[in-house]
Amino acid sequence: MASCKLPRNMKSKYCQNSLSFRRGGFLLGLGIIFSLTAVCALSEAETTRYFASIFGSESKPKKAKLTHTFAYVVKATGTGEGIENYTLELDTISWMPAAMVIKPHRFIPEEGVNMKLKDTLKWALETDQQIMQWGPYEIPEASYSRAMNRIAELDSGKVKYQCIDPLFFRARRVSDCIHGVSDMDPSAGRFRYLLIRFGEDASRHIVSRAFSSSVLIDPEKTHPWINQRLGLDQFPIVHKQLP
């Protein structure tokens, strides 16, 4: 059979077109790979959410020297929908006298300490107090930032402790446990948190204020899985809800 040979000029054009086609296909393939990589990266983008919970403790019968208001905030970071498996960062607001003895009739500020969560729970139990908890609730990043700023302020050594603290003079430099938490409220000062309440009542009042403001996201929904992740199931905590 006779072979068919292309003229030299046609062969050159054929080779050029073939090379251009292969290059175009290669670039198209790269484009598809980069597009898929971008989609996967977006789908696996790291997500951060924030949560908070308020606690109150008190003795039975109720004594001011055996009551406390404290809170924790949690930063949850991870990817995907299984938020229960996200990495958690825990911080606590638990403002106490450094001597660990509350003196309601002492009107001179003293050194304070911001206690860790489990140390606070153990102290409450060792002094025969019942522990109540509201939440955990999801909070916006702005609320979390205010909490972290308050923690930094308490940890700075610039704030003193006083069981019945001032409303005006030195208010930012002296705090009791209630205002240790409530001073995060951006919409109200200490007049909204007068010391006519303490223990469970004071903590419930803080939660009630949070319900009526923008401090919480979907306040009707709680996230008990956080307590489980933090190992709080070992403590006899009474979980409360606002009526």
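Preceding this paragraph is the structure being described.
The rules behind these values
Residues numbered from 1 in each chain as written. Predicted model: local features only at pLDDT ≥ 70, side-chain atom pairs only at ≥ 80, totals over all residues. Heavy atoms only, no water. Salt bridge = Lys/Arg side-chain N within 4 Å of Asp/Glu carboxyl O. Helix = DSSP H or I, 4+ residues; strand = E, 2+ residues; numbered from the N terminus. Contact = heavy atoms within 4.5 Å. Pairing = 2+ DSSP bridges. Core = buried A, V, L, I, M, F, W, Y, C linked by side-chain atoms within 4.5 Å. Buried < 20%, exposed > 50% of the residue type's maximum accessible area, 1.4 Å probe, protein only. Axes fitted to C-alpha atoms, helices over the stretch in contact; angles between N-to-C directions. Polar contact = N/O pair within 3.5 Å; in protein donor to acceptor, adjacent residues only side chain to side chain. Expected span 1.5 Å × (residues − 1).

One pass over the full model with this rule turns up 11 salt bridges. A salt bridge links lysine 62 to glutamate 58, with the nearest nitrogen and oxygen atoms 3.6 Å apart. Each of the salt bridges in this network shares a partner with another, and the network as a whole consists of Glu58, Lys60, Lys62, Glu200, Asp201, Arg204 and Lys240.

On to the environment of isoleucine 237. With respect to the secondary-structure elements, isoleucine 237 resides in strand E9 (residues 237-240). Here the alpha-carbon distance between isoleucine 237 and isoleucine 131, two residues 106 residues apart in the chain, equals 5.2 Å. Excluding residues that lie within four positions of it along the chain, isoleucine 237 makes contacts with Phe55, Leu121, Ile131, Met132, Gln133 and Leu232.

So, on to the sheet that holds strand E4 (residues 95-97). The strand order across the open sheet built from four strands is E4-E5-E7-E8, with neighbouring strands paired in mixed fashion. The open sheet has two edge strands, E4 and strand E8 (174-175), and neither has a second partner.

For the rest of this paragraph, the subject is the nonpolar core. If you look at the biggest cluster of nonpolar residues, it comprises 51 residues, and the most contacted ones within it are Phe55, Tyr72, Leu121 and Leu232. Here the element with the most residues in this core is strand E2 (residues 67-78); it accounts for six residues. The residues touching leucine 121, leaving out its near neighbours within four places in the chain, are Phe70, Ile131, Leu232, Phe235 and Ile237.

Take the sheet that holds E2 next. If you trace the five strands from one edge of the open sheet to the other, you get E3-E2-E1-E6-E9, paired in mixed fashion. Each edge of the sheet is formed by a strand with only one pairing partner; in this case those strands are strand E3 (87-93) and E9. The sheet shows a mean angle of 25° between the axes of neighbouring strands, direction not considered. Bridging between strand E6 (residues 129-139) and E9 involves four bridges; their strand directions are parallel. The residue bridging isoleucine 131 from the neighbouring strand is isoleucine 237, located in E9. Along the sheet, helix H2 (residues 117-126) contacts strand E1 (47-59), E2, E3, E6 and E9; its crossing angle with E2, the most-contacted strand, is approximately 150°.

Considering the arrangement of structural elements, one finds arginine 150 in helix H3 (residues 141-155). Arginine 150 sits in the buried class, given a relative accessible area of 3%. Engagement of the side chain of arginine 150 in a polar contact is seen with the backbone oxygen of glycine 180, the distance being 3.2 Å.

Once that is clear, we can look at helix H5 (residues 200-211). Look at H5: 17 Å from first C-alpha to last across 12 residues, which is about the 16 Å you get at 1.5 Å a residue. Turning to H5, its buried residues are Glu200, Ala202, Ser203, His205, Ile206, Val207, Arg209 and Ala210. In this fold, the buried residues of H5 make contact with E1, E2, E6, helix H4 (177-182) and E9.

What follows concerns the environment of lysine 160. You can see lysine 160 is positioned in strand E7 (residues 160-161). A relative accessible area of 28% places lysine 160 in the partly exposed class. Dropping the residues within four chain positions of it, lysine 160 is found in contact with Trp95, Pro109, Glu110, Glu111, Arg173, Val174 and Ser175.

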